[in-house]
Amino acid sequence: MSEEPPVAGEYVTVAADYVNQVCAGTMEHMDVFIERLMERFQIDPDDVDLSICYAWKDDLEEVAELCGVSELIDGCAFDRTTISVYIPHEHELVHNVARLIGKPPAFFDEGIAVAHEGYEGLLNKRHSPTEQTPIDFMVMSLDELAQGDGYEVAGRFTGYLMAVHGMDAYLRLYRSLKNDADLARIDEAYQDALGVTLDESVAEYLDTWIYCWSDPLLSECNAPEVAWDGELLEYEEEVDCDKGDAIGPYESLTALTRTVLHRTITIEEEAMYELRLAGDTQESTGVPDVGPLGRFPEHGVSLYGCNTCGYGYMETIAGGTPRITRLKPGKYSLRLHGRRFEPGPVAFTLKKVE
């Protein structure tokens, strides 16, 4: 298959199949995302030579073949290579950067990626709580971890470790773990790096954290802020893959594709708020139209809190219902979702209601 010439950024070079086109803001988005990851992971960019080759392919079968697996997957990462059916695949980019600080067991390797991957273009990415103990997953192989809730537990537990113990201690733990570490070795590393036993850490997590999800949302929560008076926001912005800071297209070009704009907004007062697409006259409801981790639809707007425990999610979508939710004060990620091949405005109102 013929290919377009590679597109190079500061850290990422994209080699795409000839039918693929990167949205206008994607290259800068990936470079800035990697810069923020290196800062968070305490990596001095002057001490490393990080040049990532991003192979953006057209179909799942080809990605699986290049990744060396039999099942269909949407992407994988090696040391300085990411292979994916869509762009950008932030989860795999986290792997590229995390390789610079260690190669721990699969549970911790996937945990750090899941806990930093952000929304990856999804309109709704609420994580359902689970009471499963992380210990059951810690020495699983990558294939075993991929079955069931392994990734979700790894990401939630990693968020707990970072939030409760801080990044310095978490990174000491991550760097000290070897890929083949058993539970006894993991326990030793816990005591050395965190000052607690593995059992104590897991017990606290199960007691305090299973309803929390902590992702720093390095891209979403550092996006440009939309100013408003705290009472009523009437907002409209064009979502066009070929213009401005549009990110994507998420999904392959042979499937439904989405383009996303990242913005932020500040809520000053705890109250009930209504989110409504322009022209939608239906009564608002507190019941979301899209279930947790849903990969659709393509047109809508969503909010999510930039806080340690991930509260305050709300969304409204074309063909769905307006949303009403109580929001607490703080900074929120505001994402505008549009169609790759149907550029146009996303217009909505956000207002405080009684």
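I will try to describe carefully the structure that is included in this document. Quick caveat, the model's predicted, so the values are computed rather than measured. (Residues numbered from 1 in each chain as written. Predicted model: local features only at pLDDT ≥ 70, side-chain atom pairs only at ≥ 80, totals over all residues. Heavy atoms only, no water.)

## Observations concerning the sheet that holds strand β1 (residues 7-8)
Okay, step 1: Pairing in this open sheet of five strands is mixed, and the strands run β1-β2-β3-β5-β4 from one edge to the other. Either end of the sheet is taken by a strand with one partner, and the two such strands are β1 and β4 (75-77).
Okay, step 2: With two bridges connecting them, β1 and strand β2 (residues 12-16) associate as antiparallel partners. Residue pairing across strands places Ala8 opposite Thr13, the latter belonging to β2. (Pairing = 2+ DSSP bridges. Helix = DSSP H or I, 4+ residues; strand = E, 2+ residues; numbered from the N terminus.)

## Let's talk about the state of the cysteines
Okay, step 1: Under the definition given, this model contains four disulfides.
Okay, step 2: In this model Cys23 forms its disulfide with Cys241; the gap between the sulfur atoms is 1.9 Å. Where Cys23 bonds to Cys241 through sulfur, the torsion about that S-S bond is close to -105°, and the disulfide is left-handed. Within this pair, whereas Cys23 is found in the loop between β2 and α1 (26-40), its partner Cys241 is found in the loop between β6 (232-239) and β7 (247-250), the two being separated by 218 residues in sequence.
Okay, step 3: On the basis of relative accessibility, which here comes to 2%, the residue Cys23 falls in the buried class.
Okay, step 4: With a relative accessible area of 1%, Cys241 lands in the buried category.
Okay, step 5: For the protein chain, the disulfide bridges join cysteines in the arrangement 1-6, 2-3, 4-8, 5-7, where the cysteines are counted in sequence order.
Okay, step 6: Cysteine Cys53 is unpaired, with the sulfur of Cys76 as its nearest cysteine sulfur at 12 Å. (Disulfide = S-S within 2.5 Å. Buried < 20%, exposed > 50% of the residue type's maximum accessible area, 1.4 Å probe, protein only.)

## Points about the sheet that holds strand β13 (residues 330-339)
Okay, step 1: If you trace the five strands from one edge of the open sheet to the other, you get β7-β8-β13-β10-β11, paired in antiparallel fashion. Here the strands that pair on one side only, and so sit at the sheet edges, are β7 and β11 (314-317). For this sheet, the mean inter-axis angle between neighbouring strands, taken without regard to orientation, is 25°.
Okay, step 2: With six bridges connecting them, strand β10 (residues 300-305) and β13 associate as antiparallel partners. Each residue of the ladder has a partner; that of Val301, found in β13, is Leu336. (Axes fitted to C-alpha atoms, helices over the stretch in contact; angles between N-to-C directions.)

## A few points about the packing of aromatic side chains
Okay, step 1: By the definition in use, this model includes 12 aromatic pairs.
Okay, step 2: Measuring from centroid to centroid gives 6.0 Å for Tyr170 and Tyr174, while their planes differ by 45°, and the two rings are tilted. Here Tyr174 and Tyr170 lie together in helix α6 (residues 150-176), a separation of four residues that amounts to about one turn. Comparing Tyr170 with Tyr174, the two get one shared label, buried.
Okay, step 3: Note on Tyr235 and Phe348: the rings are 5.7 Å apart at their centroids and 45° apart in plane angle, and the pair reads as tilted. With Tyr235 in strand β6 and Phe348 in strand β14 (residues 344-353), the pair connects residues that are 113 residues apart, well separated along the chain.
Okay, step 4: Judged by its relative accessible area of 2%, Phe348 falls in the buried class.
Okay, step 5: A connected cluster of aromatic rings, assembled from ring pairs, spans Phe107, Phe108, Phe157, Tyr160, Tyr205 and Trp209. (Phe/Tyr/Trp six-rings, centres within 6.5 Å; stacked < 30°, edge-to-face > 60°.)

## Describing unusual backbone geometry
Okay, step 1: Cis geometry is adopted by the peptide bond preceding Pro88, which originates at Ile87 and carries an omega value of 0°.
Okay, step 2: Following the sequence through the fold, Pro88 ends up in the loop between β5 (81-84) and α3 (90-98).
Okay, step 3: In the segment running from Gly248 into Pro249, the intervening peptide bond is cis, with an omega of 5°.
Okay, step 4: You can see Pro249 is positioned in strand β7.
Okay, step 5: Not every positive phi belongs to a glycine, and Glu120 is a case in point at roughly 50°.
Okay, step 6: You can see Glu120 is positioned in the loop between α4 (106-114) and α5 (142-145).
Okay, step 7: Exposure remark for Glu120: the relative accessible area of 9% places this residue in the buried category.
Okay, step 8: Despite not being glycine, Leu217 shows a phi value in the positive range, around 45°.
Okay, step 9: Along the chain, the position of Leu217 falls in the loop between α8 (198-208) and β6.
Okay, step 10: The buried category is assigned to Leu217, whose relative accessible area is 3%.

## Brief notes about the packing of α3 against α4
Okay, step 1: The N-to-C vectors of α3 and α4 enclose an angle of 120°; their axes lie 8 Å apart at closest approach. Considering the angle they form, α3 stands oblique to α4. As α3 runs across α4, the sense of the crossing is right-handed. Across from His91, Val94, His95 and Ala98 in α3, the residues of α4 making contact are Asp109, Glu110, Ile112, Ala113 and Val114.
Okay, step 2: Tallied by class, the residues present in the contact of α3 with α4 amount to five nonpolar, two polar and two charged. (Parallel < 35°, antiparallel > 145°, perpendicular 65-115°, else oblique. Left-handed = near helix turned anticlockwise from the far one by under 90°. Contact = heavy atoms within 4.5 Å. Nonpolar A, V, L, I, M, F, W, Y, C, P; charged D, E, K, R; others polar.)

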